[in-house]
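# Reading the structure
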Amino acid sequence: MKIVLAPDSFKGSLTAPEVAQAMERGVKRVLPAAETVVVPMADGGEGTMESLIAATHGQRVDVLVNGPLLNKVQAAYGVLGDEETCVVEMASASGICLVEPNKLNPLIATTYGTGELIHQALNDGYRKFILAIGGSATNDAGVGMLQALGLKVLDKEGVEIGYGGAELSRITAIEMHDFDPRIAECEFIIATDVQNPLIGADGATKVFGPQKGATPDMVEMLEEALSTWADLVEIKTGVQLHHKAGAGAAGGIGGAFQAFFPSKTRRGVDIVMEYSSLIEKLSGAQCVFTGEGQIDVQTTSGKTPMGVAEEAKKLRIPVFALAGSIGKGVDALYQHGFTSVHSLVNEPMSLQEAMERGAELLEMLTEQVLRTFIASSGQ
């Protein structure tokens, strides 16, 4: 029996490879001789770089950069097995995972370190990029990244502004004469599942700002600041970011790429599926296990389990999704190829306990779901 294990990470608990390994142990408890195909996945957020490196036998390059609060952090970019394609994962340099929860502050958090990663990769000779932009701690519209790459963002006195989302309200001019000319020579693929615009009710600030520590007052301040930035970008480049799909991704850095980089956007999960050869690996499988920390109606927007289920559905392969928790709207998943969705939590327990026992619970749940599948299918 061939079983494909293609999960995302359970953020804060287990990496995608660790999730897949726990699932594999559960499978082997039922079918020791089963052929298990382990394919750790990601969708453009944290873990995308490692998934692509693993899938292509690439390598990582460590780079010391400025973190979201301008403290030094050890970040990295990945080089895929073709030795030409560079993967820059925003979370590595500007991620929410780098900031203690009580210190989250999108008014001052900056994407400068992400720009430093790109700059170093350019110095190292790379011109083909995959940019994974999920999991940010920032709401600065990518201005910090642009500053690191030489863009001059000036106030009414002609002085460069500081860093963070709040500073955008002070911008009166954008100067591009020092913007790194090598960027025009490159190809950038933006890996994201977010289609939100830059501003408005569905924009970067109002939807994602509170997750990054924004209070209601901060949300209003940041919304105004991003609107000021979008007005100036339109004047400078002709690109209208205000309501452009995807411009609100990762605190607005999606818009920075759309306006200032030769770029195109793809679903992160599609990129990972392509490089991991998931579609080929699904051939001949009797069932598929996928999953992530939270599964709900948002999963349909292009999260890892959704991408996996869509491809498995084409081959009529049953898909079992395992999650730390199941949210509202999960019924919407069943028309997209999901056979069933299951939560790890099998008894009353705290979130902390569930996260600490994640591997154990995944192994047990995989075993039970597989036993039920075998019994019901007569295999």
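Preceding this paragraph is the structure being described.
The structure contained in this document is the topic of the report that follows. These numbers were taken from a predicted model, which means no experiment stands behind them. (Residues numbered from 1 in each chain as written. Predicted model: local features only at pLDDT ≥ 70, side-chain atom pairs only at ≥ 80, totals over all residues. Heavy atoms only, no water.)

### Description of the overall build of the protein chain
We apply this condition: Each helix is a run of H or I in the DSSP string that is no shorter than four residues. Each strand is a run of E no shorter than two, and both are numbered from the N terminus. The reference for a compact globule is 2.2 Å times residues^0.38; the radius of gyration itself is calculated from the C-alpha atoms. Exposed residues in this analysis have more than 50% of their type's maximum accessible area, buried residues have under 20%, and partly exposed residues fall in between, with area computed by a 1.4 Å probe over protein chains only. When checking whether two residues touch, look at their non-hydrogen atoms; a contact exists if any pair is within 4.5 Å. Note that accessible areas follow from Shrake-Rupley with a 1.4 Å probe, and for residues the cover is restricted to the protein chains shown. The positive count covers Lys and Arg only, the negative count covers Asp and Glu only, and His and the chain ends enter neither. Taken as the charge location is NZ of Lys, CZ of Arg, CG of Asp or CD of Glu.
Helices and strands together make up the secondary structure of the protein chain, namely 13 helices and 13 strands. A compact globule built from 379 residues would reach a C-alpha radius of gyration of about 21 Å, and the protein chain, at 21 Å, matches this within 12%. Judged by the C-alpha coordinates and their principal axes, the protein chain covers about 75 × 45 × 35 Å. Looking at the 379 residues of the protein chain, the share that counts as buried comes to 55%. Counting only contacts in the protein chain whose residues sit at least 6 apart along the sequence, the fraction spanning at least 24 positions is 71%. Per element, the accessible surface of the protein chain, about 15400 Å² overall, is 50% carbon and sulfur. Within the protein chain, the 47 negative side-chain charges are centred at a point lying 4 Å from the centre of the 29 positive side-chain charges.

### Considering helix α11 (residues 304–314)
Where burial is concerned, most of α11 is hidden: 8 out of the 11 residues are buried. Residues of α11 that are buried include every one of Thr304, Pro305, Met306, Gly307, Val308, Ala309, Glu311 and Ala312, and no others. At the exit of α11 stands Arg316, carrying a positive phi of roughly 60°.

### Overview of the sheet that holds strand β6 (residues 128–132)
Here is the rule: Here a strand pair is declared whenever DSSP counts at least two bridges between the two strands. Each axis is a line fitted through C-alpha atoms, taken for helices only over the stretch in contact, and angles between the N-to-C directions span 0 to 180 degrees.
Across the sheet, 6 strands lie side by side as β3-β4-β5-β6-β9-β10; this open sheet has mixed pairing. Lying at the two open borders of the sheet, with one neighbouring strand each, are β3 (59–66) and β10 (263–266). Here the average twist between neighbouring strands, direction ignored, is 25°. Sheet topology places β6 next to strand β9 (residues 187–191); 5 bridges connect them, and they run parallel.

### Regarding the nonpolar core
The cut-off we apply is this: Side-chain atoms within 4.5 Å link the members of a nonpolar core, which is a set of buried Ala, Val, Leu, Ile, Met, Phe, Trp, Tyr and Cys residues.
Judged by nonpolar contacts, the single largest core of 56 residues is most densely connected at Phe129, Trp229 and Phe261. When residues in this core are grouped by element, the largest group, 7 residues, is from helix α8 (residues 249–260). Leaving out residues up to four positions away in the same chain, Phe129 has contacts with Cys86, Val88, Ile118, Ala121, Leu122, Cys186, Glu187, Phe188 and Ile189. If you look at the next biggest cluster of nonpolar residues, it comprises 36 residues, including Ala6, Leu52, Leu278 and Met306.

### Thoughts on the pairing of β3
Judged from the 8 bridges that link them, β3 and strand β4 (residues 72–79) form a sheet pairing that is antiparallel. Looking across to β4, one finds that Val63 is bridged to Ala75. If you look at the hairpin formed by β3 and β4, you'll find 5 residues sitting between the two strands, and Leu70 has a positive phi there, around 70°.

### Things to note about the layout of surface pockets
Our working rule: Using a 1 Å grid laid over the protein atoms alone, points where a 1.4 Å probe fits but cannot get out form a cavity; open sets with protein on both sides within 12 Å along at least 5 of 7 lines form a pocket; any residue with an atom within 4 Å of a point counts as lining. Grid points are joined across faces, edges and corners, and a volume is the space filled by probe spheres set on the points. Here the term charged refers only to Asp, Glu, Lys and Arg, the term nonpolar to Ala, Val, Leu, Ile, Met, Phe, Trp, Tyr, Cys and Pro, and the term polar to all other amino acids, Gly among them.
The volume enclosed by the largest pocket comes to roughly 1400 Å³. Those elements that place two or more of their residues in the lining of the largest pocket are α6 (204–208), α8, β11 (287–295), β12 (319–326) and α12 (351–356). Partitioning the lining of the largest pocket into residue classes produces 15 nonpolar, 21 polar and 9 charged.

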